[in-house]
Structure formats: structure tokens, C-alpha cells
Amino acid sequence: MEIQQALDNLIEAIKNSEEYKQYHMELARLKEDEPMYRRVCEYRRRCMALHVVCGHNKFEEVTAIRSEFEDVIRNKAALSFLVVEQKFLKMVKIINGGVLEAAALEVDFLQEEC
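Residues numbered from 1 in each chain as written. Predicted model: local features only at pLDDT ≥ 70, side-chain atom pairs only at ≥ 80, totals over all residues. Heavy atoms only, no water.

**Some words on the pattern of salt bridges**
- Inspection of every chain in the model, using the stated rule, returns seven salt bridges.
- A salt bridge links arginine 46 to glutamate 68; its shortest N-O distance comes to 2.9 Å. Remark: glutamate 68 occurs in helix α4 (residues 58–68) and arginine 46 occurs in helix α3 (residues 34–52); sequence separation between them is 22 residues.
- On the basis of relative accessible area, arginine 46 is assigned to the partly exposed category, the value being 29%. (Salt bridge = Lys/Arg side-chain N within 4 Å of Asp/Glu carboxyl O. Helix = DSSP H or I, 4+ residues; strand = E, 2+ residues; numbered from the N terminus. Buried < 20%, exposed > 50% of the residue type's maximum accessible area, 1.4 Å probe, protein only.)

**As for α3**
- The end-to-end C-alpha distance of α3, which contains 19 residues, comes to 27 Å, matching closely the 27 Å that a straight helix rising 1.5 Å per residue would cover.
- Within the span of α3, buried status applies to Met36, Tyr37, Val40, Cys41, Tyr43, Cys47 and Leu50.
- Packed against the buried residues of α3 are α2 (18–31), α4, α5 (70–74) and α6 (76–103). (Expected span 1.5 Å × (residues − 1). Contact = heavy atoms within 4.5 Å.)

**Thoughts on the confidence of the model for the chain**
- Looking at the chain, the pLDDT average stands at 90 and 94% of residues meet or exceed 70.
- When the elements of the chain are averaged for pLDDT, α4 gives the smallest value, 88, and α2 the largest, 98. (pLDDT = per-residue confidence, 0-100.)

**A short note on the side chain of glutamate 26**
- Structurally, the position occupied by glutamate 26 is in helix α2.
- What glutamate 26 contacts, discounting residues up to four positions off in sequence, is Ala77, Ser80, Phe81 and Val84.

**Side note on the packing of aromatic side chains**
- All told, the structure shown has four aromatic pairs when counted by the stated rule.
- By the ring-pair criterion, three or more aromatic residues cluster together here, those being Tyr20, Tyr23, Phe81 and Phe88. (Phe/Tyr/Trp six-rings, centres within 6.5 Å; stacked < 30°, edge-to-face > 60°.)

**Structural notes on the packing of α3 against α4**
- At a minimum axis distance of 11 Å, the contact between α3 and α4 shows a crossing angle of 180°. Considered as vectors, α3 and α4 are oriented roughly antiparallel to each other. Where α3 approaches α4, its residues Arg39, Tyr43, Arg46, Cys47, Leu50 and His51 are matched on the opposing element by Lys58, Glu61, Val62, Ile65, Arg66 and Glu68.
- Taken together, the residues of the contact of α3 with α4 sort by class into five nonpolar, one polar and six charged. (Axes fitted to C-alpha atoms, helices over the stretch in contact; angles between N-to-C directions. Parallel < 35°, antiparallel > 145°, perpendicular 65-115°, else oblique. Nonpolar A, V, L, I, M, F, W, Y, C, P; charged D, E, K, R; others polar.)

**Digging into the nonpolar core**
- In this structure, Leu30, Val40, Tyr43, Val72 and Phe81 are the most contacted members of the largest nonpolar core, which totals 19 residues.
- Contributions of two or more residues to this core are made by α2, α3 and α6.
- Ranked by the residues each element gives to this core, the list is headed by α3, at seven residues.
- If we ignore the near neighbours within four places in the chain, the residues touching valine 72 are Met36, Arg39, Val40, Tyr43, Ala78, Leu79 and Leu82. (Core = buried A, V, L, I, M, F, W, Y, C linked by side-chain atoms within 4.5 Å.)

**Focus: the packing of α2 against α3**
- It is the contact of α2 with α3, at a shortest axis distance of 7 Å, that shows an interaxial angle of 125°. Between α2 and α3, the angle is such that the two are oblique. Across the interface between the two elements, Tyr23, Leu27, Leu30 and Lys31 from α2 touch Glu34, Met36, Tyr37, Val40 and Arg44 from α3.
- When the residues that make up the contact of α2 with α3 are grouped by side-chain class, the tally is six nonpolar, no polar and three charged.

Pasting the structure below:
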């Protein structure tokens, strides 16, 4: 029960953060343009795939994706969303890192060099 209360407090703190509020505000704004929202989702999928898969030509692949999705990068609503999404994800990464460190969960296997 003690852990559940701490989790509830953490969730409440996240929901009250500027990062969370901005993320959801920009997401709602982006979703008003359904075709652009779909393009942004595809861009995010492709970028995430590059971060997950090891490869030797990541720079070339990132350059190719940015060129292919230039319309997304130049769209004000899309770019605003992507910027605040990165800020929100940075906060989530800090939270995850803190929990993993505090729990002494061994995650060294994730550090494989690509």
C-alpha cells in the first residue's frame, strides 16, 4: 500500500508538471490536423526504429528521414509538438533512471555497443 501511495503521488506530480501539460496541449493541437498528425506519427516511428536498431550508417539514415519528412519538420504545430515531446521524454527518462538506480536493477546488458 505504501508503494501504491508513492506511485499515486508521482503520477500526480507528473500530471502537474509543465512538461506534461505542454505535451498534451501540443498533442491536442496537432491532432486537429489529422493528415499531419499521421505524418508525425510515421516520422516518430521511423526515428524510434533508428534508436532501437544498431546500424553503421545512422547519420545517413537520419539525414534521409529528415529529408523525407521535411514537411513535418517545417510544420509549426508538428515541430512544436516534437520539441515538447522531447522535453517530456527527458523528464520520463530521469524518472525511470532514478527508479532503476534506486532499485539497483541490473540493466548493463542494455549498453551493448552498436
